[in-house]
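These are the residues of each chain, in order.
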Amino acid sequence: DNDSGVFTPEACAALVPLLPHFDALAIGPGLGRAPATQQFLADLLTSLTAPAVLDADALNLLAVTPGLLTVLQSRPWVLTPHPGEFARVSGAAAGDGPAARIAAAMAFASEHALTLILKGHLSVIASPAHEPCLNPTGNPGMATAGAGDVLTGVAAALLAQRLAAFDAARAAAYVHGLAGDLAAARLGIHALTALDILDQLGPATQYLAATHVAGRSS
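Residues numbered from 1 in each chain as written. Predicted model: local features only at pLDDT ≥ 70, side-chain atom pairs only at ≥ 80, totals over all residues. Heavy atoms only, no water.

**A short note on the packing of aromatic side chains**
Stated formally: In this analysis, rings of Phe, Tyr and Trp, with Trp reduced to its six-membered ring, are considered paired at centre separations within 6.5 Å, and the interplanar angle assigns stacked below 30 degrees, edge-to-face beyond 60, and tilted for intermediate values. Helix and strand definitions follow DSSP, with helices as H or I runs of at least four residues and strands as E runs of at least two, each counted in order from the N terminus. Throughout, exposure labels follow a simple rule: accessible area from a 1.4 Å probe, protein chains only, divided by the maximum for the residue type, with under 20% read as buried, over 50% as exposed, and the rest as partly exposed.
What the rule picks out here adds up to 2 aromatic pairs. Here the aromatic rings of Phe7 and Phe40 are separated by 4.9 Å at their centres, their planes lie at 20 degrees, and the arrangement is stacked. Of this pair, Phe7 sits in the segment before α1 (9-15) while Phe40 sits in helix α2 (residues 35-47), and the two are 33 residues apart along the sequence. Residue classification places Phe40 among the buried residues on the basis of a relative accessible area of 5%. Seen in terms of ring centroids, Phe86 and Phe108 are 5.6 Å apart; in terms of plane orientation they differ by 70 degrees. Their pairing is edge-to-face. Highlighted residues: Phe86 in helix α5 (residues 83-90) and Phe108 in helix α6 (residues 98-112), separated in sequence by 22 residues. By the burial criterion, Phe86 is buried, and Phe108 matches it.

Take a look at the structure:
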């Protein structure tokens, strides 16, 4: 960071030779919005070929660098905006109700040829090559600081296991929401933290694996 406290283009120059060693990246949480970081992100996305999840400040920087959206087209990347971030990046409101949110998510995903998780109640997973999905898991207690970062990590982990972007996105949304539901069943919804959700990722994935095996054997 050249002692600046933020990511700079020079940091990207140091990072680019290491990129072939990464199976997937999560970009955005804690990134910051400094002008130097805006250029860092532009340089990084231009150089990146591995799958990636873009969230938080990566989305905020995209909103003020709209030309970068062309870099995202037809890449194995997943964007995970909440409604406010979606409005900033797309220039349009996410809308109220499932039908409006599906329409907004599909329009953006189709225009930019990318995969999107529009977070919220019944998160929408959209991709131009697939029918949109509504995620049935999750609860209001998950509207807490850091919960979205957990989703970003889960999606990146699934991309690193070579799932296609759309499959990684819908599986991540489901497992993340299920972990939140398991945490809420134990602790209630009023004091959930991101760490509570994180703690339940193991049981959530075990449940999903068990139901998959049961479905195959029935």
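**Thoughts on the packing of helix α7 (residues 147-160) against helix α8 (residues 165-187)**
What counts is decided by this rule: Interaxial angles span 0 to 180 degrees and are taken between N-to-C directions of axes, which are lines fitted to C-alpha atoms, for helices over the stretch in contact. Angular relationships are summarised with four words: roughly parallel below 35 degrees, roughly antiparallel beyond 145, roughly perpendicular across 65 to 115, and oblique for the angles in between. Crossing handedness follows the turn of the near helix against the far one: under a right angle anticlockwise gives a left-handed crossing, and clockwise gives a right-handed one. Any two residues having at least one pair of non-hydrogen atoms within 4.5 Å are treated as being in contact. Note that Gly is not counted as nonpolar here; it falls among the polar residues with everything else outside the nonpolar set of Ala, Val, Leu, Ile, Met, Phe, Trp, Tyr, Cys and Pro and the charged set of Asp, Glu, Lys and Arg.
Running from amino to carboxyl end, α7 crosses α8 at an angle of 140 degrees, the nearest separation of the two axes being 8 Å. In terms of orientation, α7 and α8 fall into the oblique class. In this structure, α7 crosses over α8, and the sense of that crossing is right-handed. Residue-level contacts link Ala147, Val150, Leu151, Val154, Ala155, Leu158 and Leu159 of α7 to Ala165, Ala168, Ala171, Ala172, Ala173 and His176 of α8. Of the residues that constitute the contact of α7 with α8, the class distribution is 12 nonpolar, 1 polar and no charged.

**Concerning the sheet that holds strand β2 (residues 52-54)**
For the record, the criterion: We call two strands paired when DSSP finds no fewer than two bridges between them.
Taken in spatial order, the 6 strands of this open sheet run β1-β2-β3-β4-β5-β6, and their pairing is mixed. Each edge of the open sheet carries a strand with a single partner, namely β1 (25-27) and β6 (133-134). As paired elements, strand β3 (residues 77-79) and strand β4 (residues 115-118) share 2 bridges and run parallel to each other. Its bridge partner being in β4, Leu79 is matched across the sheet by Leu116. Packing against the sheet, α8 makes contact with β3, β4, β5 (124-126) and β6, and its axis sits at approximately 175 degrees to β5.

**Details of the pairing of β4**
Here β4 shows two buried faces, one formed by Thr115 and Ile117 and the other by Leu116 and Leu118. Between the antiparallel neighbours β4 and β5 lie 5 residues, among them Gly120 with a positive phi of about 140 degrees.

**Thoughts on the layout of surface pockets**
To keep things clear, this is the line we draw: Points on a 1 Å grid, built from protein atoms alone, make a cavity when a 1.4 Å probe fits but cannot get out and make a pocket when they are open with protein on both sides within 12 Å along at least 5 of 7 lines; residues with an atom within 4 Å of a point are the lining residues. Grid points are joined across faces, edges and corners, and a volume is the space filled by probe spheres set on the points.
Roughly 540 Å³ of internal volume is contained in the largest pocket. Surrounding the largest pocket, 25 residues form its lining, Lys119, Gly120, Ser123, Asn139 and Met142 being those nearest its centre. At the level of secondary structure, the elements contributing two or more residues to the lining of the largest pocket comprise α7 and α8. A per-element tally of the lining of the largest pocket places α7 first, with 4 residues. Taken together, the residues of the lining of the largest pocket sort by class into 10 nonpolar, 13 polar and 2 charged.

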